[in-house]
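Inside the fold
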Amino acid sequence: LGEVSKAIAYSDAAMAEPGYAQSAAAQDQKALFLADQWNLQDAIGHWSAALEGGHAVDMGEGVDDDARFFRAVAKALAGRRLEAEADLAALPAERQYMVDSWRYVDAHFQKQQGVVRAEPWHCLFSGTYYNLQTALAAARPDGLVC
């Protein structure tokens, strides 16, 4: 857990196997690892390959929506807001809660900080390990997370 560089190396090794390089699931996973390291442009490329390469069926139900959402977030953070809006608009109505949540976080954080930088945005792509690490760091001595 938390060793993103190793995860990228494992993804690269797996994608070198015949038939796996075009896997949308592999492209999606590598994109998350790259975005976690704030390599947004490469992450966007992998999400695009997953979504537009005609292999999205192997991602599972709803995963393509997640990939489109995270690609939109990465595009927005990379300054490609018009493209991000197009991705967000393409999400189905049942995923609107994701769009609403992103817009709330984006609007409020931007007003407070004024500059987009990796911290704390990379946690959007980090998953369970980072979230647990953050929660444990915020815990009081009695274990309560405030």
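Look a little higher up for the structure.
This text gives an overview of the structure that appears in the document. (Residues numbered from 1 in each chain as written. Predicted model: local features only at pLDDT ≥ 70, side-chain atom pairs only at ≥ 80, totals over all residues. Heavy atoms only, no water.)

Quick look at the overall build of the chain
Here is the rule: Think of it this way: any DSSP run of H or I at least four residues long counts as a helix, any run of E at least two long counts as a strand, and we number them from the N terminus. Each residue is placed in one exposure class: buried if its accessible area under a 1.4 Å probe, protein chains only, is under 20% of its type's maximum, exposed if it is over 50%, and partly exposed if it falls in between. Surface accessibility follows the Shrake-Rupley procedure with a 1.4 Å probe radius. Residue values consider only the protein chains on display as shielding.
Helices and strands together make up the secondary structure of the chain, namely 8 helices and 0 strands. Tracing the chain from N to C terminus, the helices and strands come up as α-α-α-α-α-α-α-α. Out of the 146 residues belonging to the chain, those deemed buried represent 36%. Approximately 8,500 Å² of the chain is accessible, and the part contributed by carbon and sulfur atoms is 57%.

Considerations on the packing of aromatic side chains
The line we're drawing: In this analysis, rings of Phe, Tyr and Trp, with Trp reduced to its six-membered ring, are considered paired at centre separations within 6.5 Å, and the interplanar angle assigns stacked below 30 degrees, edge-to-face beyond 60, and tilted for intermediate values.
Under the definition given, this model contains 2 aromatic pairs. Ring geometry for Phe69 and Phe70: centres 5.4 Å apart, planes at 65°, overall edge-to-face. On the basis of relative accessibility, which here comes to 21%, the residue Phe70 falls in the partly exposed class. An aromatic cluster of three or more residues is present, and its members are Trp47, Phe69 and Phe70.

Some thoughts on helix α5 (residues 81-89)
Here is the rule we go by: In this context, the arc is that of the directions from the helix axis out to the C-beta atoms.
Where α5 is concerned, the buried positions are Ala84, Asp87 and Leu88. Down the axis of α5, the smallest arc covering the buried residues is 100°, so these residues share one side. Set apart from the buried face of α5 by more than 90 degrees, the exposed residues are Leu82 and Ala89.

Quick notes on the pattern of salt bridges
Test applied: One speaks of a salt bridge when a side-chain nitrogen belonging to Lys or Arg is within 4 Å of a carboxyl oxygen belonging to Asp or Glu.
Summed over all chains, the structure comprises 9 salt bridges. Linking Arg80 and Glu83 is a salt bridge whose minimum nitrogen-to-oxygen distance equals 2.7 Å. Across the salt bridge formed by Glu85 and Arg103, the nearest N and O atoms sit 2.4 Å from each other. With a gap of 18 residues between them, Glu85 in helix α5 and Arg103 in helix α6 (residues 96-113) connect regions that are remote in the sequence. Looking at Arg103, the relative accessible area reads 36%, which means it is partly exposed.

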